[in-house]
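Observations on chain architecture
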Amino acid sequence: MGFFQNLNFSSANEDGNTELSALAGSRRILCLTGSGTRPLDMLLSTADEVVALDINPVQNALLELKIAAIRSLDYDNLLSFLGVARSKSRLSIYQQLRPELSPAARDIWDRKRNMVRAGVWHAGKWEKLLLWNSRFLRLMRRRDIKQLMRIENVEAQGRLWEEKFASSKLQTALEMIGRDWIWRWVMREPAGEFLPPPQEVGARLNSDFSRAARTFLFKESDFALLIFNGRHDGDGALPVHLRRENYKMLKDRLERLRIVEGGLVDLPNMAIGSFDGFSLSDFGSYSNWQAYEECWKGIVAVADLGARFCERIFMNDMPPPFEKIDVDKTLSEALTVSDKAIIYRVRTGKIHCGDNG
Ligand SMILES: C[S@@+](CC[C@H](N)C(=O)[O-])C[C@H]1O[C@@H](n2cnc3c(N)ncnc32)[C@H](O)[C@@H]1O
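Throughout what follows, the structure given in this document is the object of discussion. (Residues numbered from 1 in each chain as written. Predicted model: local features only at pLDDT ≥ 70, side-chain atom pairs only at ≥ 80, totals over all residues. Heavy atoms only, no water.)

1. Some thoughts on the pattern of salt bridges
With the rule as written, the count across this model stands at 21 salt bridges. The partner of Arg27 in a salt bridge is Asp48, and the shortest N-O contact between them spans 2.8 Å. One end of the pair, Arg27, is in the loop between helix 1 (16–22) and strand 1 (28–32); the other, Asp48, is in the loop between helix 2 (37–42) and strand 2 (49–54), with 21 residues separating them in the sequence. Its relative accessible area of 39% is what places Arg27 among the partly exposed residues. Given the relative accessible area of 47%, Asp48 is considered partly exposed. Measuring nitrogen to oxygen at the nearest pair gives 3.9 Å for the salt bridge that ties Arg258 to Glu49. You can see Arg258 sitting in strand 3 (residues 257–261) and its partner Glu49 sitting in strand 2, a full 209 residues away along the chain. Note on Arg258: relative accessible area 33%, which makes it partly exposed. Its relative accessible area of 21% is what places Glu49 among the partly exposed residues. One network of salt bridges, with partners in common, ties together Glu14, Glu19, Arg38, Arg312 and Asp339. (Salt bridge = Lys/Arg side-chain N within 4 Å of Asp/Glu carboxyl O. Helix = DSSP H or I, 4+ residues; strand = E, 2+ residues; numbered from the N terminus. Buried < 20%, exposed > 50% of the residue type's maximum accessible area, 1.4 Å probe, protein only.)

2. Side note on the site of the ligand
Within the structure, the ligand sits among 21 residues, and Asn13, Glu14, Ser35, Asp54 and Leu264 are positioned closest to it. Contact between the ligand and Asn13: a nitrogen atom at 2.4 Å from a side-chain N or O atom of the residue. Between the ligand and Asp54 there is a distance of 2.7 Å, counted from an oxygen atom to a side-chain nitrogen or oxygen. Split into classes, the residues belonging to the shell around the ligand amount to 9 nonpolar, 8 polar and 4 charged. (Near = heavy atom within 4 Å. Polar contact = N/O pair within 3.5 Å; in protein donor to acceptor, adjacent residues only side chain to side chain. Nonpolar A, V, L, I, M, F, W, Y, C, P; charged D, E, K, R; others polar.)

3. A closer look at the sheet that holds strand 4 (residues 275–281)
Taken in spatial order, the 7 strands line up as 3-2-1-4-5-7-6 in an open sheet, and their pairing is mixed. A strand with exactly one partner marks an edge of an open sheet, and here the two such strands are strand 3 and strand 6 (325–327). Taking the axes of each pair of neighbouring strands and ignoring which way they run, one obtains an average angle of 25 degrees across the sheet. With 5 bridges connecting them, strand 1 and strand 2 associate as parallel partners. By the bridge assignment for strand 2, Leu32 is matched with Leu53. Each of strand 2 and strand 3 touches helix 3 (residues 57–72); the most contacted strand, strand 3, lies at about 160 degrees to it. (Pairing = 2+ DSSP bridges. Axes fitted to C-alpha atoms, helices over the stretch in contact; angles between N-to-C directions. Contact = heavy atoms within 4.5 Å.)

4. Comments concerning the side chain of Ser285
Following the sequence through the fold, Ser285 ends up in the loop between strand 4 and helix 15 (289–301). The buried category is assigned to Ser285, whose relative accessible area is 8%. Of note is the side chain of Ser285, whose polar atom sits 2.7 Å from the side chain of Asp282.

5. Describing the pairing of strand 5 (residues 303–313)
Summarising the sheet, strand 4 and strand 5 pair through 5 bridges and their orientation is parallel. By the bridge assignment for strand 5, Gly277 is matched with Arg308. Handedness of the crossover is the feature at issue here: the chain leaves strand 4, passes through helix 15, returns alongside strand 5, and the resulting connection is right-handed. As paired elements, strand 5 and strand 7 (residues 345–351) share 7 bridges and run antiparallel to each other. (Right-handed = clockwise from strand over helix to strand, strands pointing away.)

Structure below.
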């Protein structure tokens, strides 16, 4: 089965607070679906509409399932259904939610009942990779990781990181998340093709984790929890939309979210209107230069004048292909440092001359 038919991302590995800051004030936001976390996080913005787009129908079906669950369940039952908390009744809850799904999503989840039974939250290939990686990390350093995830003070955390982690074998395990063979042969990701050589990946990840260790508490980062504990639970950090205090607002705003299938290149032909906000995740990870430029052409074609964008760059760093894409360097750097998903460069700014402007 090809990459764009698998469930690749299911929980959260991006910090929605970054997109909420970068796109503040946008009224109509286009957002790559992925795990569904970013579109759901964007419902906590003041946007009137969020359109979730993915080329992969399985990622869109995951978002449909999450929406049906949020609509019907209270907070604790939602966490149990998703697999963030324990449950023995996920399949019977799925039977209740099933009529709410489109025929295509129903068909996908009927075939993936085992995932539903185990909880979809940790079912993505990326989540499984992180779970295995965390098992390996804990095999090597269980005590140090426990200490790292309990620490209450950023300075002490920075020191602990330098002493116990920065120049230890643990780095090799961390580097695994950016190794090309992992992406090619485990994830079967097209992104494997565009990763830099291992030393460069290692140096990048080392410096990102060292900086993060000095900037915010790892226990407050849901991404760090996936890295070090291999999973989320109801007591630890969770993505913005999944926090108890935001649940009512999220439920009330579900009608603002719409899902469409397609690629960024297809945007001009999709008749879904224009946008003044774009949450683009790291689509460049999957693109050579030509494809990257084509995707941006699609985005620009449906951008309102002065539309805001927020892009994430993992390893495949390409410059913006058009002059009209105006990068706010100061904000981009600030958001890169504060982003609790640790491994991304954030690039944000405005599209100055959309075809609609
Ligand atoms: C860029 S990936 C990153 C996943 C993200 N970290 C998450 O957890 O949601 C997000 C999604 O973008 C989709 N995608 C990548 N390139 C795309 C494109 N050119 N058009 C539409 N969807 C795309 C992938 O299928 C994937 O589901």
